[in-house]
Amino acid sequence: MKRSPRTQTPPVKPPRFAEQARMVLPGSEKAPAPNAVRVKATPARSLVTVSVIVKRKEPLKVNRRSGRASGPARVGLTEYKNHHGGDPDAIKLVKAFAREFNLKVEKDPTAAVRRTVKLTGTAADIQKAFGVVLEQKMIDGAEYRVREGGIQLPASLAGVVEAVLGLDNRPQAQPHFRVRKALAKTAAPASYTPPQVAEAYNFPAKSSGAGQTIGIIELGGGYRQADLTAYFKSLGLASPGIAAVSVDGGKNQPSTASSADGEVMLDIEVAASVAPGAKIAVYFAPNTDQGFLDAITTAVHDTTQKPSVISISWGGPESSWTNQSMTAMDAACQSAAALGITITVAAGDDGSTDGGTGNNVDFPASSPQVLACGGTTLDANGATIVSEVVWNELASQEGATGGGVSNVFALPSWQANAHVPASSTSTGGRGVPDVAGDADPVTGYTIRVDGQTSVIGGTSAVAPLWAGLVAVANQQLGNNVGLLQPAIYAAKAASAFNDITQGNNGAFAAGPGWDACTGLGSPIASKLI
């Protein structure tokens, strides 16, 4: 009996993206902008560039010390690139999606390692592709492109795409610096140069951070080389080697002393004067969730500047972020930890409310992958600390250290014995901050901005202070310290901190050991390293 020839079934092509059912991208829901006034629909032909974040090829491995998870396991650059960058099939699928909706895939040699595919198209095509409505709205006197609600993706992209950022370009974060107000002549509180603060905290005199690069994220403002040259000359130091790196069109754009220039100059002058041998790389990006994430991923995967520590002095209450933005930024900071890069972040300057209703913590300081930096009021004489208490000048409108308990990120294993107060949500638990340093503008830092000398404080000063300390430690130890928390929360590390036990930030009070005002305390650097 003859067999009938077998007929081959042609492969079934998946339906075109436009024909697929749409699903809300988890965590993409964006609340209406408060006090926004609609101007018009976003012009159909205006160009919009978005960052599409795709899943990893393989998850990062967890480092288990003493049988407990303590951050991602350290990996080398090659291993990271081969195993933990963007999933190639996911990138291929996003590119096919882009072609169907007339979106241009921007050329970017770092796209795979940053897990970021940049797509540009007209507002009309972007709205069709992502199932959103874009409108121009006035917010606080400026016009922005705004979206509300969730992003609708074709079903085949579910689980493949983790975030889509850049549809909305309203400001995402605030700089956490405070310029000291004019004081009565009878009041003569101390102010310090950053090296004087470093002396109070026992930074090693012979280590300079040589061979290290400190990355600094800035979402506005700029610096003038003439100011830096004059400032470092006044300290008896050489001006640092500095590189300005443009991200998403962000640039070094200094203007006036009352602008974000104060943030930029504070960050550079503190970090570079406490680690005078280190180089500085400043990553300028737009103040959007897209710009913020792209700046972090650019710095983390920068094979030219190669920062070993990154300082961030910008943020906002967790409630002001979409969950997709926080997830993407937390994952970027996790990549940094896996690659041995420390990220120091200001905890905020508005006390336990973080400028919102009820208790809030600031993000990205609340990410467990970063070193959250709180603030103190410091009275020091040379290497002797006369007194140090929680920074709280709310009564005189001079701010207070941020701190509290995350509503988003769970209690990390290394905080298990820190007696962090319970979170108000089932998902939260991470205590903020981890560490502290001088932040009160009344006892602030002498800083030069746009030709003027001012005294500036804020937890913005503490992030670059700790970044400088990490650079010094990396040089002295001969390797990157990376994610510090598993080591510094160990009981034997308590002697490496000045435990701050007096004061409060509103809802939380200082006390022995970790607290939600100053974390473990300010550093005794000689013991910490």
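Given the structure is predicted, the values throughout are model-derived calculations rather than measurements.

A.B. asks: Please provide a residue-by-residue account of helix α9 (residues 323–338), values included.
C.D. replies: Side chains of residues three or four places apart in an α-helix project in the same direction, reflecting 3.6 residues per turn. Counted at 1.5 Å a residue, the expected span for α9 with its 16 residues is 22 Å, and the 22 Å between its end C-alpha atoms agrees. Burial runs high along α9: 13 of the 16 residues are buried. Two residues or fewer past α9, Gly340 is found with a positive phi of approximately 80°.

A.B. asks: Could you give me a rundown of the pattern of salt bridges, with the residues and numbers involved?
C.D. replies: All told, the structure shown has 15 salt bridges when counted by the stated rule. Its salt-bridge partner being Glu162, residue Arg115 comes within 3.1 Å of it at the nearest N-O pair. Within this pair, whereas Arg115 is found in the loop between α3 (111–114) and β7 (116–122), its partner Glu162 is found in strand β11 (residues 161–165), the two being separated by 47 residues in sequence. The exposure class of Glu162 is partly exposed, given its relative accessible area of 32%. One salt-bridge network, in which partners are shared between bridges, spans Asp108, Arg114, Lys118, Asp248 and Asp294.

A.B. asks: Give me the sheet that holds strand β18 (residues 314–317): which residues, what numbers.
C.D. replies: Taken together, the 3 strands give an open sheet; going across it, the order is β12-β18-β20, and neighbouring strands pair in antiparallel fashion. At either end of the open sheet lies a strand with only one pairing partner, and these are β12 (174–175) and β20 (362–363). Sheet topology places β18 next to β20; 2 bridges connect them, and they run antiparallel. When the sheet's bridge partners are listed, Pro317 is paired in β20 with Asp362.

A.B. asks: How would you sum up the packing of helix α6 (residues 225–234) against helix α7 (residues 261–274)? Please name residues and give values.
C.D. replies: Viewed as axis vectors pointing N to C, α6 and α7 meet at an angle of 40°, and their least axial separation amounts to 11 Å. On the basis of the axis angle, α6 is oblique to α7. Two packed elements cross with a definite hand, and for α6 against α7 that hand is right-handed. Listed contacts from α7 to Asp227, Leu228, Tyr231 and Phe232 of α6 are Met265, Ile268, Glu269, Ala272 and Ser273. For the contact of α6 with α7, a count of residues per class yields 6 nonpolar, 1 polar and 2 charged.

So, how was this worked out
Think of each chain on its own: its residues are numbered from 1, step by step along the sequence as written. Note on the predicted model: pLDDT of at least 70 is required for a residue's local features to be given, and 80 or more for side-chain atom pairs to be given and counted; whole-chain, interface and lining totals, by contrast, use all residues. The basis for the side-chain values is all heavy atoms of the structure; hydrogens and waters are excluded. Helix and strand assignments come from DSSP, with helices taken as H or I runs of at least 4 residues and strands as E runs of at least 2, each series counted from the N terminus. To estimate how far a helix should reach, multiply one less than its number of residues by 1.5 Å. Only protein chains enter the accessibility calculation, which uses a 1.4 Å probe; a residue whose area is less than 20% of its type maximum is buried, one above 50% is exposed, and one in between is partly exposed. For this analysis, a salt bridge means a side-chain nitrogen from Lys or Arg found within 4 Å of a carboxyl oxygen belonging to Asp or Glu. One requirement defines pairing of two strands: DSSP has to find at least two bridges between them. Simply put, an axis is a line fit to the C-alpha atoms, just over the touching stretch for a helix, and the angle between two N-to-C directions goes from 0 to 180 degrees. An angle below 35 degrees is read as roughly parallel, one above 145 as roughly antiparallel, one from 65 to 115 as roughly perpendicular, and any other as oblique. The hand of a helix crossing depends on one turn: near helix anticlockwise from the far one by less than a right angle means left-handed, and clockwise means right-handed. Residue contacts follow a heavy-atom distance rule, with two residues in contact if any of their heavy atoms lie within 4.5 Å. Each residue receives one of three labels: charged for Asp, Glu, Lys and Arg, nonpolar for Ala, Val, Leu, Ile, Met, Phe, Trp, Tyr, Cys and Pro, and polar for the others, Gly being one of them.

Interpretation in functional terms is not warranted from these geometric data alone.
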